[in-house]
Amino acid sequence: MTLDDKKRVLREMVLHRRFEERCYQAYIERKIGGFLHLYPGQEACCNGVMEAARPGHDYVITGYRDHVHAIKCGTDPKVVMAELYGKETGCSKGRGGSMHIFDVAHRFMGGYALVGGPFPLAAGIAKGIQLKGGDEIAICFLGDAANNQGVFHETLNMAKVWNLPVLFVCENNQYGIGTAIHRSTAVLDQFKRACAYNIEAAQCDGQDIDVVYAHAKTAVDYVRSGKGPYFLELMTYRYRGHSMSDSRGYRSREEEEEWKQRDPLNILRDRLISAGALTMDEFTQIEKSTDDYIESEVIKFAEESPEPNVTDLEKYVLA
Amino acid sequence: MAEIMYWEAIQRAHDEEMARDPLVICMGEDIGVAGGTYKATKGLYEKYGEKRVMDTPISEGGYTGLGIGASFLGIRPIIEIMSVNFAWLAMDQMFNSAAKVRYMSGGQLTAPCVFRSAGGTAHQLGAQHSARMEKVFMGIAGLRVVTPSNPKQAYGLLKSAIRSDDPVFINEHELMYNMKGEVPDEEYFHPLEGSEIARSGNDVTLFGYNISVHWCLKAAEILDKQYGISAEVVDLYSLAPLDRAGIKKSVCKTHRAVIAEEDEAPVGVGSEVIAILNEECFFDLDAAPVRVHSALVPQPYNHKLEMAAIPDHEDVVNAVLKLFGKA
């Protein structure tokens, strides 16, 4: 990544962070319903991988913590927010909500609420790519806890048997809902599990986007060149709870503070400042203009959009 | 019109659709090199190769989800689940992904995949392998359920299912693969919705689907010859959606109804048909509708117990005679 690229990505990461924090506020105001799973702390994961891939061309699928992945693929933040507000203008027409963001035009194949559910779907998308003969890859972002589902093992096995162009990205944020990984998982290093299926794998720091990018580049190139599946584990941390109903009583504030010392936005910001490519004033200005954009366009669009028509209740059930 | 077997009809539908469209694939356990447990995919591996005829590992949840994911890209997978009791393992993907993706994406993604599976009581297969599960599938929004009772339907329903943009579950029967019947020589597409009058009659409607259509037809003959009762047999080949209008029309003519299913009674096809009758033609009924169904037991291994657990044509006859106060 050039310094210009990194500056652009920093701007995007600020948008991702502020978007999610604004969702938190909208949820408190009861503008957003249902379950809401936020991404702050993990921004370098999605951004680092997708900078190495081709957003909008490669197929991306993920779990319920999905807003940022969609936006990174090219989905307009306005239609993501409108979806969270349950509006007809939302990307899923208000039928999906936070956990079901979809934008097929940008090849964001959806967020799914069943832990581990997207594993075989991702392999299937890769099978589709293989049959159609394109050079796209399928990228499956899921958390560490998903790896304890049976379909994780079934999918990794099939992906290797059929040499499918699929990149599994494990965002290891150390917790499955409120259960720490060491209390639920026999092998703490997730990338080691891939070796059981003879799949290439690596683990790296998920807070430093340069590190994520470098590892993702290797992984993406490997998959795209037809060598088969790859498993990349990114060590990261979510600042907020699993969802909005989670008060994080299962972990210490000291632990949270420790991780915040290695905040992905700050790491990139400070690196750009050291390189002379950014000033602190400029960064503050980016944050301010991002907040203005979210308020004056994203929230405004969601607020002013119409709700779905009740007479359309049964639309979209069958083709 | 040639007479062919049920499995041959299914194989022919596969073959024609795979020859026409390179995006049609089939997948399942033993369906390729081994040719399929019920021969439904015989010869396809040799013809279309391992990329399109996929012998899957024994991982029902995984490969079903993989087929669904492929269908998101416009691939038309025909996913065989060898024996329907294995489908419990695949239901997460069938119900949570395939059936719901169109709705929860606001119409952006559809899962145009076909799930084929054999159910029913065959020959002493015991509690797990003798499962009938159509009632589990028919209550899921976003999923079509069809169940062919003869080779013509088996051929035409599969052809239509492959071309459909909806996920379709096809419920076959282990005892029917060798059943012979006429199938049109020219290409034929059976509608995925509706019902068929398999035999016309005036005094009572016998509702069946899949194998129970044959009990109903046999019962109708006995009722006609021995008791002078004219029974209409309605083949409910589509269980989701059920043909509300067709069910109503026949019972408004005959005023009596018996529903025969191999499945257990609770939350079943019979319950649904009776609910429809209550809603649609309660005042046209001359008697309370009756269900003929299996005992609510895990299917026993012992052959005598097994036969006692499932109904047959005699049970249908007896149910009708009771309706007429003759038993």
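Scroll up a little and you will see the structure.
A few points on the structure.

## What about the overall build of chain A?
The secondary structure content of chain A amounts to 11 helices and eight strands. Over its C-alpha trace chain A gives a radius of gyration of 19 Å, about what one expects of a compact globule, namely 20 Å for 319 residues. Sorting the 319 residues of chain A into buried and exposed places 56% on the buried side. Here chain A has roughly 12,400 Å² of accessible surface; of this, 50% comes from carbon and sulfur atoms. The distance from the centre of the 38 positive side-chain charges to the centre of the 46 negative ones in chain A is 2 Å.

## Some words on the environment of K248 of chain B
Residue and element names in this part refer to chain B. Note that K248 resides in helix α10 (residues 244–254). Sequence separation between K248 and A231 is 17 residues, and the spatial gap between their C-alpha atoms is 15 Å. For K248, the residues in contact, after removing those within four places along its chain, are E280 and C281.

## A word on the side chain of T185 of chain A
Residue and element names in this part refer to chain A. When you line up the elements, T185 lands in the loop between α7 (181–184) and β7 (200–205). For T185, a relative accessible area of 7% corresponds to the buried category. A polar atom in the side chain of T185 sits 2.9 Å from the side chain of N148. Apart from residues no more than four positions distant in its own chain, T185 is found in contact with N148, Q190 and R193.

## Considering the pattern of salt bridges
Counting across every chain of the model gives 54 salt bridges over all chains. For D221 of chain A, the salt bridge identified is with K217 of chain A, shortest N-O distance 2.9 Å. A residue pair is termed a helical-turn pair when its members lie 3 or 4 positions apart in one helix, as D221 of chain A and K217 of chain A do in helix α8 (residues 209–224) at four residues. Under the relative-accessibility criterion, D221 of chain A is labelled partly exposed at 38%. Notably, a salt bridge pairs D224 of chain B with R199 of chain B, separated by 3.6 Å at the nearest N-O pair. A residue pair is termed long-range when its members are at least 10 positions apart, and D224 of chain B in helix α9 (residues 211–227) and R199 of chain B in strand β9 (residues 196–199) qualify at 25 residues. The exposure class of D224 of chain B is partly exposed, given its relative accessible area of 39%. Here R199 of chain B falls in the partly exposed class, since its relative accessible area comes to 21%. Taken together, the shared-partner salt bridges connect R12, E16, E17, R20, K159, R163 and E187 of chain B into one network.

## Things to note about the environment of L114 of chain A
Take L114 of chain A: it is sitting in the loop between β2 (108–111) and α5 (118–132). Overall, L114 of chain A belongs to the partly exposed group, its relative accessible area being 40%. Along the primary structure L114 of chain A and N163 of chain A are separated by 49 residues, whereas in three dimensions their C-alpha atoms are 25 Å apart. Not counting residues up to four positions away in its chain, the partners in contact with L114 of chain A are D92 and N96 of chain B.

## Quick look at the packing of aromatic side chains
We describe a pair of aromatic rings using the distance from one ring centre to the other and the angle between the two ring planes. Counting across every chain of the model gives 13 aromatic pairs over all chains. Summarising the aromatic geometry, the rings of F152 of chain A and F231 of chain A are spaced 6.1 Å apart at their centres and angled 80 degrees between planes, so their arrangement reads as edge-to-face. Separated by 79 residues along the polypeptide, F152 of chain A in helix α6 (residues 150–161) and F231 of chain A in strand β8 (residues 230–235) bring together distant segments of the chain. We note that F152 of chain A, like F231 of chain A, is buried. Measuring from ring centre to ring centre gives 5.6 Å for Y6 of chain B and Y177 of chain B, while their planes differ by 75 degrees; the resulting arrangement is edge-to-face. One end of the pair, Y6 of chain B, is in helix α1 (residues 6–20); the other, Y177 of chain B, is in the loop between β7 (168–173) and β8 (180–183), and 171 residues separate them in sequence. With respect to class, Y6 of chain B is no different from Y177 of chain B; both count as buried. Among the aromatic side chains, those forming a connected cluster through ring pairs are F119, F152, F168 and F231 of chain A. R269 of chain A extends its terminal NZ or CZ atom over the ring of F283 of chain A, reaching a point 5.3 Å from the ring centre. Sitting over the ring of Y155 of chain B, R12 of chain B keeps its end group 4.2 Å from the ring centre.

## Here we look at the packing of helix α4 (residues 77–84) of chain A against helix α11 (residues 280–304) of chain A
Residues and elements named next belong to chain A. Put simply, α4 and α11 touch, their axes get as near as 8 Å, and they point 50 degrees apart. What the angle tells us is that α4 and α11 run oblique. Where α4 crosses over α11, the two elements pack in a sense that is right-handed. Here P77, K78, V79, M81 and A82 of α4 come into contact with α11, specifically with Y293, E297, V298, I299, F301 and A302. Split by residue class, the contact of α4 with α11 holds nine nonpolar, no polar and two charged.

Conventions and cut-offs
Residues numbered from 1 in each chain as written. Chains lettered and ligands numbered in written order. Predicted model: local features only at pLDDT ≥ 70, side-chain atom pairs only at ≥ 80, totals over all residues. Heavy atoms only, no water. Helix = DSSP H or I, 4+ residues; strand = E, 2+ residues; numbered from the N terminus. Rg over C-alpha atoms; globule rule 2.2 N^0.38 Å. Buried < 20%, exposed > 50% of the residue type's maximum accessible area, 1.4 Å probe, protein only. Areas by Shrake-Rupley, 256 points an atom, 1.4 Å probe, with all protein chains shown as cover. Lys, Arg positive; Asp, Glu negative; His and termini not counted. Charge placed at Lys NZ, Arg CZ, Asp CG, Glu CD. Contact = heavy atoms within 4.5 Å. Polar contact = N/O pair within 3.5 Å; in protein donor to acceptor, adjacent residues only side chain to side chain. Salt bridge = Lys/Arg side-chain N within 4 Å of Asp/Glu carboxyl O. Phe/Tyr/Trp six-rings, centres within 6.5 Å; stacked < 30°, edge-to-face > 60°. Lys NZ or Arg CZ within 6 Å of the ring centre and 35° of its normal. Axes fitted to C-alpha atoms, helices over the stretch in contact; angles between N-to-C directions. Parallel < 35°, antiparallel > 145°, perpendicular 65-115°, else oblique. Left-handed = near helix turned anticlockwise from the far one by under 90°. Nonpolar A, V, L, I, M, F, W, Y, C, P; charged D, E, K, R; others polar.

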